Amino acid sequence: MMKALLFAFASAAVFAQELKITAGAVDYQVFQRDAENRASILLRGEAAAAGKTVQASLATAAPPKKVVAKAEAAISGGQWTMTLTAPVGGPYTLTVLSNNGKPVTVKNLLVGDLWVLAGQSNMEGVGDLVDVQPPDVLVNSFDQSDQWVNAKEPLHSLPSAVDPVHWRKNAQGQVVRLEGEALQQFIANRKKGAGLGLPFAVDLARRTGVPVGLVPCGHGGTSMDQWNPALKDKGGNSLYGATLRRFQAVGGKVTGVLWYQGESDANPKAAPVFQEKFEKLVAALRADFGQSSLPFYYVQIGRHVSSVNVAEWNAVQEMQRKAEAMIPRSGMVPAIDVALDDGIHVSTQDQKLIGKRLAALALRDLFPKLQGPKRGPRLASVHYADGVVRVTFNEVNGKLVSDGRIAGFSIHNAKGEAVPAIFKSRVDPQDTNSVLLSISGKLPDGASLRYGYGKDPYCNLRDEAGMGVPVFGPEPIQ
């Protein structure tokens, strides 16, 4: 008995002398850079008092290895605290040493930009897990189980999330977190889950050299009411509260938010108040994040193979188009010209395209020295003369292009009904920012123009940088 006690006490003494990092850095963590392109990394730990001091160094992982930051701290009461000032870049390896005990290392640390991913299923990602975006050493993710990992598809895993709002019902109808063998079976059987977040991050990191950390918070099938900021006090039991908790968990500072939502609000009840709720959400995120000019980039909802609530679907698209000019530091990319992997979810390959479009917005706004592409075609004017409707766009990269005959435009009468009228569509060879629509007969009274009318139109107009023309209309023809 006495020997056992002595062994236990001896083991505890040895354990107390072990050098530890108890807070501040874990493998694959991404730290948000500041305005000086640095991050202050606050480390806390334990060490034997006899060691007197603890030294830490941060070095590049790839050879030739270079130390980029150093710090030293005194040990007091077996505890130590220090701050490392790290430059943008990585992957880095953190090494902590004391006079006693083995060195402790933390690997694959990055300093760069954190992005929150939020919205419904097309943000969560429902693309086929085939030929997905490969991982990149410059892109890590704070997964929904609150673990930092190298980012790979699928980014979202709702059943294993920390926050109960994402959990599913089991066979007994109970809302539970998936764990153990059940979770492993879910992972092994998963066939869908590719989204836009990883393609966005990889493209942006490769163009800029700045690492990216992703914070996935999306949840399929969710409405603006379910994202209501008024529910934040419910914490992880609400989508907004869960997102705010995760924002704080990664350090309470991010570069921006990516948003893809609106399909669930394209109905007679929700559509009329969609824009008001959307603008309030952006304002609330900026206030709760403490970043009044937080960049907010979003996707205009695209196609749905359905004939239900057509008017409301187009109304949400038009509100999203107009919101871009009303919300400072925001940007929108279209999805009307992309392929689907089922009746409503964007295909894996075109999630890559949407991700790159969003990266282009971030590059243009946040990296002005790199001279990123323009925003992409934005409607400027619609005029009719001599049997031709001229549609002119701003923000075009190069010129307007299409695969084959330009498709997606339609003429509507004063009642909003589509009328056959366009017999030829072409880019004006003298002004490649304009499309010429040749009209058969006379325009109806009160005529308007639409692009992307309906829920499943065929649209194929882009610019040379691959930025698409957003859904618009009804736009009066002047």
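Residues numbered from 1 in each chain as written. Predicted model: local features only at pLDDT ≥ 70, side-chain atom pairs only at ≥ 80, totals over all residues. Heavy atoms only, no water.

A. Here's a closer look at the overall build of the protein. Helix and strand counts for the protein come out as eight helices and 28 strands. Seen through its C-alpha atoms, the protein measures out along the principal axes to roughly 105 × 55 × 40 Å. Burial statistics for the protein: of 478 residues in total, 52% are counted as buried. Summarising the internal contacts of the protein: among those between residues at least 6 apart in sequence, 70% fall at separations of at least 24. In the structure as shown, the protein presents an accessible area of about 21300 Å², 53% of it carried by carbon and sulfur atoms. Each charge sign in the protein was given a centre, from 51 positive and 44 negative side chains, and these centres are 4 Å apart. (Helix = DSSP H or I, 4+ residues; strand = E, 2+ residues; numbered from the N terminus. Buried < 20%, exposed > 50% of the residue type's maximum accessible area, 1.4 Å probe, protein only. Contact = heavy atoms within 4.5 Å. Areas by Shrake-Rupley, 256 points an atom, 1.4 Å probe, with all protein chains shown as cover. Lys, Arg positive; Asp, Glu negative; His and termini not counted. Charge placed at Lys NZ, Arg CZ, Asp CG, Glu CD.)

B. The side chain of E318, seen in detail. With respect to the secondary-structure elements, E318 resides in helix α7 (residues 310-326). With residues up to four places along the chain from it excluded, the contact list for E318 reads V471, F472 and G473.

C. Summary view of helix α6 (residues 274-289). Helix length check: α6, at 16 residues, gives a terminal C-alpha distance of 22 Å against a target of 22 Å (1.5 Å per residue), a fit within 8%. Buried within α6 we find F274, Q275, F278, L281, V282, A284, L285, R286 and F289. Contacts made by the buried residues of α6 are with β8 (104-119), α5 (239-249), β16 (256-260), β17 (296-299), α7 and β18 (330-333). Looking one or two residues beyond α6, the residue adopting positive phi is G290, at roughly 70°. (Expected span 1.5 Å × (residues − 1).)

D. Representation of the pairing of strand β5 (residues 67-74) within the structure. Bridge count between strand β4 (residues 53-60) and β5: seven bridges; the pairing is antiparallel. Bridged to T53 within β5 is A74. In this structure, the hairpin formed by β4 and β5 is closed by a connection of six residues. (Pairing = 2+ DSSP bridges.)

E. Broad picture of the pairing of β16. Within β16, five of the five residues are buried, which leaves the element mostly enclosed by the surrounding structure. Two elements, β8 and β16, share five bridges in a ladder whose sense is parallel. Across the sheet, V116 pairs through a bridge with V257, a residue of β16. Two elements, β16 and β17, share three bridges in a ladder whose sense is parallel. Residue pairing across strands places L258 opposite Y297, the latter belonging to β17.

F. Layout of the sheet that holds strand β22 (residues 409-412). Reading across the sheet, the four strands line up as β23-β22-β26-β28 and stay open at both edges, with antiparallel pairing between neighbours. The outermost strands of the open sheet, each flanked by one partner alone, are β23 (418-419) and β28 (472-476). The pairing of β22 with β23 spans two bridges and is antiparallel. Counted as the bridge partner of I411 is V419 from β23.

G. Structural context of the sheet that holds strand β1 (residues 20-23). Reading across the sheet, the three strands line up as β1-β3-β6 and stay open at both edges, with antiparallel pairing between neighbours. Strand pairing shows two members of the sheet lacking a second neighbour, β1 and β6 (79-87), which therefore form its edges. Strand-to-strand twist across the sheet, computed as the mean angle between neighbouring axes with direction ignored, equals 40°. When strand β3 (residues 38-46) meets β6, the two strands line up antiparallel, connected through nine bridges. (Axes fitted to C-alpha atoms, helices over the stretch in contact; angles between N-to-C directions.)

H. Summary view of the environment of A39. Within the element layout of this structure, A39 appears in strand β3. Excluding residues that lie within four positions of it along the chain, A39 makes contacts with F31, Q32, L84, T85, A86 and V111.

I. Just the environment of D342, in detail. Assignment of secondary structure puts D342 in the loop between β18 and α8 (348-366). Residue class for D342 comes out partly exposed when judged on its relative accessible area of 30%. Each C-alpha atom of the pair D342 and V126 lies 8.9 Å from the other, and the pair is 216 residues apart in sequence. When near neighbours in sequence (up to four residues on either side) are disregarded, D342 contacts V126 and K192. Polar side-chain contacts of D342 include one of 3.0 Å to the backbone nitrogen of I344. (Polar contact = N/O pair within 3.5 Å; in protein donor to acceptor, adjacent residues only side chain to side chain.)

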